[in-house]
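The primary structure of each chain is shown beneath.
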2 protein chains.
Amino acid sequence: MRLLIVGGVAGGASAAARARRLSESAEIVMFEQGPDVSFANCGLPYFVGGAIADRDKLLVTTPERLRERFRLDVRPRSRVERIDRDRQTISIRELATGRMYEESYDALILATGAAPFRPAIPGIDLPGVFILRNLQDADRIREWITRGVRQAVLLGGGFIGLELAENLLDAGIETTVVERNGQILGPFDPEMTVPVVETLEARGGRLLLGTAAEAIHADSGGLAVQLTSGARLPAQLVVVGVGVRPENQLAVAAGFETGLRGGIVVNERLQTSDPSIYAVGDAIEVVDVVTGAKTQVPLAGPANRQGRIAAENALGGNVTYRGTQGTAIVGLFGCTAAMTGASEKTLRRSQRSYHSVFVHPAHHAGYYPGAEPMTLKVLFEPVSGQLLGAQAVGGAGVDKRIDVLAVALQAKMTVFDLEELELCYAPQFGSAKDPVNMAGFVAAGLLRGQHPQISVTDALRELAAGRLCLVDVRTQKEFDAGHIPGALHLPVDELRMRLGELPKGLRIAAYCQVGQRGYAATRILMQSGFSAVNVSGGFRTWQLVTAATARAGHSKPFVDS
Amino acid sequence: MRLLIVGGVAGGASAAARARRLSESAEIVMFEQGPDVSFANCGLPYFVGGAIADRDKLLVTTPERLRERFRLDVRPRSRVERIDRDRQTISIRELATGRMYEESYDALILATGAAPFRPAIPGIDLPGVFILRNLQDADRIREWITRGVRQAVLLGGGFIGLELAENLLDAGIETTVVERNGQILGPFDPEMTVPVVETLEARGGRLLLGTAAEAIHADSGGLAVQLTSGARLPAQLVVVGVGVRPENQLAVAAGFETGLRGGIVVNERLQTSDPSIYAVGDAIEVVDVVTGAKTQVPLAGPANRQGRIAAENALGGNVTYRGTQGTAIVGLFGCTAAMTGASEKTLRRSQRSYHSVFVHPAHHAGYYPGAEPMTLKVLFEPVSGQLLGAQAVGGAGVDKRIDVLAVALQAKMTVFDLEELELCYAPQFGSAKDPVNMAGFVAAGLLRGQHPQISVTDALRELAAGRLCLVDVRTQKEFDAGHIPGALHLPVDELRMRLGELPKGLRIAAYCQVGQRGYAATRILMQSGFSAVNVSGGFRTWQLVTAATARAGHSKPFVDS
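Residues numbered from 1 in each chain as written. Chains lettered and ligands numbered in written order. Predicted model: local features only at pLDDT ≥ 70, side-chain atom pairs only at ≥ 80, totals over all residues. Heavy atoms only, no water.

1. Overview of the overall build of chain A
A tally of regular secondary structure across chain A gives 17 helices and 30 strands. Against the globule reference of 24 Å for 561 residues, chain A gives a C-alpha radius of gyration of 26 Å, in line with a compact fold. Expressed along its principal axes, the backbone C-alpha trace of chain A runs to roughly 90 × 60 × 45 Å. A buried classification covers 62% of the 561 residues belonging to chain A. With an accessible surface of roughly 20500 Å², chain A has 51% of that area assigned to carbon and sulfur atoms. Positive and negative charge centroids in chain A, built from 58 and 58 side chains respectively, lie 1 Å apart. (Helix = DSSP H or I, 4+ residues; strand = E, 2+ residues; numbered from the N terminus. Rg over C-alpha atoms; globule rule 2.2 N^0.38 Å. Buried < 20%, exposed > 50% of the residue type's maximum accessible area, 1.4 Å probe, protein only. Areas by Shrake-Rupley, 256 points an atom, 1.4 Å probe, with all protein chains shown as cover. Lys, Arg positive; Asp, Glu negative; His and termini not counted. Charge placed at Lys NZ, Arg CZ, Asp CG, Glu CD.)

Following this line, the structure appears as structure tokens:
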């Protein structure tokens, strides 16, 4: 058995190690065009900024160690340029010498990854303009920074762009993030990104939404980034992080089908249309387990698992990949945003019916010092209550809640199950009613009809149309400090006594700060003969939604991707 | 509808609030014998030590607030002394005046809780000897400490005892924990408690296992605790925390059945044999979802959920409680131990067949600064691989992994599902192969026959019987720093070349530090014609198991409870 693997980072290296564990007798050769294999690409932003000081730490393993431990024939600086499917051979160029040679295979695994997209704008190749894909890129940016960078412009407000922004700001560099869409972190719903933006700005970062670079010029001070908005940003460093494209050339040239976004098409065994050829990682198209749609998910976790599966199948096994649910996380300056499953945007786009609820709990018992607030949004099916997706943003404990919900989603649990989850509780770790339980209570209450809710957006629309009376049930002090325009004020603890002040025949939408008192008010109103709903997530959600809308502005020069 | 609730802390207060949300018209009266309702009893150790400085923070709510918000008739300092089931009335004693009166009910919820057990030893009532159940106890202990406490003895190494130990040590008090069993934290397996003990001792705490107080004497320096071991411990403060007993007197007098450990027997609707009377919280017997056995689980999370369910049913609903899986957590000095489901001890006792695996991963990517080690143990069914339980001990991220596994357990997931979990990954939050995925790989490999494993205990027994050759596959340096007695040394990277040095016909058990290289070695050996197994969790697990055994000693004056 002769197994060849093209690509030696997450998916490729996982496949190679797994293959050797499964078979001592297989010949296993792994080709990597770069000098390093199995490096920690997720650590690159932290190496650029110096949070990770030791470059060697990013080399999870080396070709030498892989040879010793796994008897792998590892060939770095080797670019595979052609697949001859009839003869079952590949053509490799040794980059150091330019020499071409061939190797034959019984099975072939393509783990070619994805390459950062470089927009074709003038100046994209100027010195000082970088992408960040591998250790050499990171080395170059670090070296460039030592020459004196006061201002940096990051094109793209995605995960890596934001991680890089944190690191550059920490290094004392004035940093501007330019994002052509109306929000950062595209996979999230816009309101969930607001705390991230506020954190970035509080730490001195600048964010420009709804605009993009149209040219980069060499300037006296270094570079100047010309934006579609007309603004011109001086900078000595520009890093382009506007998404990645699957490295599919090899596969395309070999006649394999690719999906809409360029991912190599594989079956659930991760096999291409050629039974001896498999493909894994950022280079392939995967099935979104929630929507069933084909998608592109460039994440390390799925790539690693796919590598294991392809290796097992290539050696005669029969294992299937279950699809991807898009669990992702980003943290900067102690603010964390994480998600799993579908976003509200995606559900709306795919015309899937859904409900959403918001809760804004503390990450552990409020009476124990250090409780940090979070916002948790859960999306689920009407009637059945099956989970469709979840997003959280806040400080500590955000990762935990999304991991919990990622498992629940994978298990096809419902919001009724979330009510019953028995999670760890001691004051420094959680609450007797964990944030995930709370979201379950709120969502299940909605489905049972016990706790009718309305989204902020719907409430504002109905209010504007005169079909709704909005009632702020918080204290006088809270109301005075800020409330939703057009709201009456009637504190929940006075509600029973003052029902007569409410308009008859009009639907009442109660709201409080986070939703809990609004719920109590809704129950009182419902049982007093009113048609009543609670504004989901209360004033805090209204703040997030309105801030997201205000930031997105009216001019969206590009569509949401 | 007239609903009476006996007990106003976790289960009772949850029931009362839920009942009001469901019904504006019900008359709801809640009786509490103490002065406070709905206080945060899980915070008491932190209030004693001063980590929580503000006493009011522990009052989650007050009778006044409950009256205002929920129109509840809350009666603190009121002890319910009798239930007359025929007349559907209860007799209440007003503790301030001694006055007795009656109230009638349509439905009654018993949320009487559990009381700390006070062993009947001489001196248990001396000044300076305390239990810690409520805020008044905490007040008394705080006041006592201000009189000058240099040395404290904590009877019982359970959750509260250890939390209190942390707090007293932080306050500069010499603290000794006395635990009559051979391990602290009874619900855990002994080896998983070793890092907790080491942490306690590293911070100056002292632990005495396998002994108990037989008397407490008044002494010139304050108190002296006489132990069954013969030792005599001087102390100015003794806190008794040797478990709790359900407060079942009211129920027993009313003719209700109680279980082996005294919990009130209820059906899955949390109803007693009297259809109008429900019981919840620490006072009841619950079903362990893993073993199906009746058990006693005094935890706040389940009590809160049960309160909600009983309220709904008392008002005509039909909701069932799913049982308890015993998810629990304790943290001291940054060391966290958490568990969910059954322990190995429990499975062995209930003669349930199971497998266990150990992994010792870092809580996030090793290349990102600050990674903390953890030990994760997963128990699962042979063949099906369904989860039975999990325990983790370490620093950051332990709570997250047990929460993830708690959901997986509840969803009846298997170890094959753990392989596929798609969890949050960025370097500061996890790893591309999360600790839970790793445990899944190891466990699934065992079931698939790809990764045969042997427990440390079995390996030592087989080694002693001459039926096994134990091979340490780590580096020379690691081997020299300490290894399992009787092991050969053959580094994994030299294994393929030196297979001839191994005995033929004898089963080979490989081990490394944590299990990963041992796995690679096992695969090499198996494919080279040897009968080979990997010692689960490697040298690190051996260290934990042998430390636990050594600490437990040979004299166990009391049986494991």
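2. Overview of the environment of leucine 499 of chain B
All names here are of chain B. Relative to the elements of secondary structure, leucine 499 occurs in the loop between helix 15 (492-495) and strand 29 (507-511). On the basis of relative accessibility, which here comes to 17%, the residue leucine 499 falls in the buried class. For leucine 499 and serine 528, which are 29 residues apart along the polypeptide, the C-alpha to C-alpha distance reads 8.3 Å. Ignoring sequence-local partners within four residues, the contact set of leucine 499 consists of Lys504, Leu525, Ser528 and Phe530. (Contact = heavy atoms within 4.5 Å.)

3. Comments concerning the pairing of strand 25 (residues 387-394) of chain A
Residues and elements named next belong to chain A. The buried fraction of strand 25 is high, at 8 of 8 residues. As paired strands, strand 24 (residues 374-380) and strand 25 are joined by 7 bridges and run antiparallel to one another. Opposite valine 378, over in strand 25, you have alanine 390 as the bridge partner. Counted between consecutive antiparallel strands, the loop separating strand 24 from strand 25 contains 6 residues, among which valine 383 sits at a positive phi close to 65°. (Pairing = 2+ DSSP bridges.)

4. Remarks on the relation of the copies chain B and chain A
Rotating chain B by 180° about the axis while translating it 0.0 Å along that axis superimposes it on chain A, leaving an RMSD of 0.0 Å. Each copy turns onto its partner about a two-fold axis. By residue overlap, the copies meet face to face through one surface: 100% of the interface positions of chain B are interface positions in chain A. (Least-squares fit on C-alpha atoms with pLDDT ≥ 70 in both.)

5. A short note on the packing of helix 1 (residues 10-22) of chain B against helix 8 (residues 300-314) of chain B
In a packed pair of helices, the relevant descriptors are the angle between the two axes and the axis-to-axis distance. All names here are of chain B. For the pair helix 1 and helix 8, interaxial distance at closest approach is 7 Å and the crossing angle is 40°. The angle between helix 1 and helix 8 falls in the class oblique. Of the two elements, helix 1 crosses helix 8, and the hand of that crossing is right-handed. Residue-level inspection shows Ala10, Gly11, Ser14, Ala15, Arg18, Ala19 and Leu22 of helix 1 in contact with helix 8, the latter providing Ala303, Asn304, Gly307, Arg308, Ala311 and Glu312. Taken together, the residues that form the contact of helix 1 with helix 8 break down as 6 nonpolar, 4 polar and 3 charged. (Axes fitted to C-alpha atoms, helices over the stretch in contact; angles between N-to-C directions. Parallel < 35°, antiparallel > 145°, perpendicular 65-115°, else oblique. Left-handed = near helix turned anticlockwise from the far one by under 90°. Nonpolar A, V, L, I, M, F, W, Y, C, P; charged D, E, K, R; others polar.)

6. What about the sheet that holds strand 15 (residues 232-235) of chain B?
Residues and elements named next belong to chain B. Read across the open sheet, the 3 strands follow the order 13-14-15; overall the sheet is antiparallel. With partners counted over all chains shown, the strands left at the sheet margins are strand 13 (213-219) and strand 15, one partner each. Pairwise comparison of adjacent strand axes, ignoring direction, gives a mean angle of 25° for this sheet. Bridge count between strand 14 (residues 222-227) and strand 15: 4 bridges; the pairing is antiparallel. Each bridged residue has a counterpart across the sheet, and for glutamine 226 the counterpart in strand 15 is arginine 232.

7. Notes on the pattern of salt bridges
Once the charged atoms of two side chains with opposite charge are near each other, the side chains can pair. Inspection of the entire model under this criterion finds 86 salt bridges over all chains. Among the salt bridges present, the one from arginine 140 of chain B reaches aspartate 137 of chain B, with a minimum N-O distance of 2.8 Å. Residue arginine 140 of chain B and its partner aspartate 137 of chain B are both found in helix 4 (residues 135-146); the two are separated by 3 residues, about one turn of the helix. Glutamate 462 of chain B is the partner of arginine 461 of chain B in a salt bridge, and the nearest nitrogen-oxygen pair spans 3.5 Å. With relative accessibility at 46%, the residue arginine 461 of chain B sits in the partly exposed group. Under the relative-accessibility criterion, glutamate 462 of chain B is labelled buried at 12%. Beyond isolated ion pairs, a larger network of salt bridges with shared partners links Arg2, Glu27, Asp73, Arg75 and Glu103 of chain A. (Salt bridge = Lys/Arg side-chain N within 4 Å of Asp/Glu carboxyl O.)

8. Observations concerning the interface of chain B and chain A
Contact with chain B, which involves 83 residues of that partner, is made by 83 residues of chain A. Seen at the junction of chain B and chain A, the total is 14 salt bridges. Residue arginine 308 of chain A is joined to glutamate 419 of chain B by a salt bridge in which the shortest nitrogen-to-oxygen separation is 3.5 Å. Along the contact surface separating chain B from chain A lie 45 residue pairs in polar contact (both at pLDDT 80 or more). Ranked by the residues each element gives to the side of chain B that touches chain A, the list is headed by helix 10 (residues 398-410) of chain B, at 9 residues. Of the residues contributing to the side of chain B that touches chain A, the split by class is 39 nonpolar, 18 polar and 26 charged. (Polar contact = N/O pair within 3.5 Å; in protein donor to acceptor, adjacent residues only side chain to side chain.)

9. Describing helix 5 (residues 159-170) of chain B
All names here are of chain B. Under the 1.5 Å per step criterion, the end-to-end length of helix 5 is 17 Å for 12 residues, consistent within 8% with the ideal 16 Å. The buried fraction of helix 5 is high, at 9 of 12 residues. Buried within helix 5 we find Gly161, Leu162, Glu163, Leu164, Ala165, Glu166, Asn167, Leu168 and Leu169. Looking one or two residues past helix 5, glycine 172 carries a phi angle of roughly 85°, positive in sign. (Expected span 1.5 Å × (residues − 1).)

10. A word on the side chain of threonine 61 of chain A
On the secondary structure map, threonine 61 of chain A appears in the loop between helix 2 (44-49) and helix 3 (63-70). When neighbours within four sequence positions are excluded, threonine 61 of chain A is seen to be in contact with Val37, Ser38 and Leu66 of chain A.

11. Notes on the nonpolar core
Core analysis: the largest hydrophobic core is formed by 79 residues, its most contacted members being Val378 and Leu405 of chain A together with Val378 and Leu405 of chain B. Setting aside residues up to four positions removed in sequence, valine 378 of chain A forms contacts with His355, Ser356, Val357, Leu387, Gly389, Ala390, Leu405, Leu418 and Ala439 of chain A. (Core = buried A, V, L, I, M, F, W, Y, C linked by side-chain atoms within 4.5 Å.)

12. Thoughts on the sheet that holds strand 11 (residues 174-179) of chain B
Residue and element names in this part refer to chain B. Sheet architecture is open: 5 strands sit in the order 9-16-10-11-12, paired in parallel fashion. Sheet topology places strand 9 (129-130) and strand 12 (206-209) at the edges, where each strand pairs with a single neighbour. Of the pairings in the sheet, the one linking strand 10 (residues 151-155) to strand 11 comprises 5 bridges and is parallel in character. When the sheet's bridge partners are listed, glutamine 151 is paired in strand 11 with glutamate 174. Contacting strand 10, strand 11 and strand 16 (237-240), helix 5 runs over the sheet at an angle of about 175° to strand 10.

13. So, the confidence of the model for chain A
Residue and element names in this part refer to chain A. In the predicted model, chain A carries a mean pLDDT of 94, and 99% of its residues have values of at least 70. With pLDDT under 50 throughout, residues 554-561 is counted as low confidence; its partners more than four residues away or in other chains account for 13 contacts. Complex prediction metrics read pTM 0.95 and ipTM 0.95. (pLDDT = per-residue confidence, 0-100.)

14. What about helix 1 of chain B?
All names here are of chain B. If you check helix 1, its first and last C-alpha atoms are 18 Å apart, about what 13 residues at 1.5 Å a residue would give, namely 18 Å. Helix 1 sits mainly inside the fold: 12 of its 13 residues count as buried. Taken as a whole, helix 1 has its buried residues at Gly11, Gly12, Ala13, Ser14, Ala15, Ala16, Ala17, Arg18, Ala19, Arg20, Arg21 and Leu22.

15. Remarks on the packing of aromatic side chains
Under the defined criterion, the tally for this structure stands at 10 aromatic pairs over all chains. Here tyrosine 46 of chain A and tyrosine 368 of chain B contribute two aromatic rings whose centre-to-centre distance is 5.1 Å and whose plane-to-plane angle is 85°, an arrangement assigned as edge-to-face. Taken together, the residues tyrosine 46 of chain A in helix 2 and tyrosine 368 of chain B in the loop between strand 23 (355-359) and strand 24 (374-380) connect one chain to another. For tyrosine 46 of chain A, a relative accessible area of 1% translates into the label buried. By relative accessible area, tyrosine 368 of chain B is classed as buried at 17%. Measuring from centroid to centroid gives 5.3 Å for phenylalanine 539 of chain A and tryptophan 542 of chain A, while their planes differ by 20°, and the two rings are stacked. Residue phenylalanine 539 of chain A and its partner tryptophan 542 of chain A are located together in helix 17 (residues 538-552), separated by 3 residues, close to a single helical turn. Aromatic rings pair up to connect Tyr511, Phe539 and Trp542 of chain A into one cluster. One residue, arginine 142 of chain A, lies across the ring of phenylalanine 47 of chain A, its end atom 4.1 Å from the ring centre. Positioned above the aromatic ring of phenylalanine 539 of chain A, the side-chain terminus of arginine 474 of chain A is 4.3 Å from the ring centre. (Phe/Tyr/Trp six-rings, centres within 6.5 Å; stacked < 30°, edge-to-face > 60°. Lys NZ or Arg CZ within 6 Å of the ring centre and 35° of its normal.)

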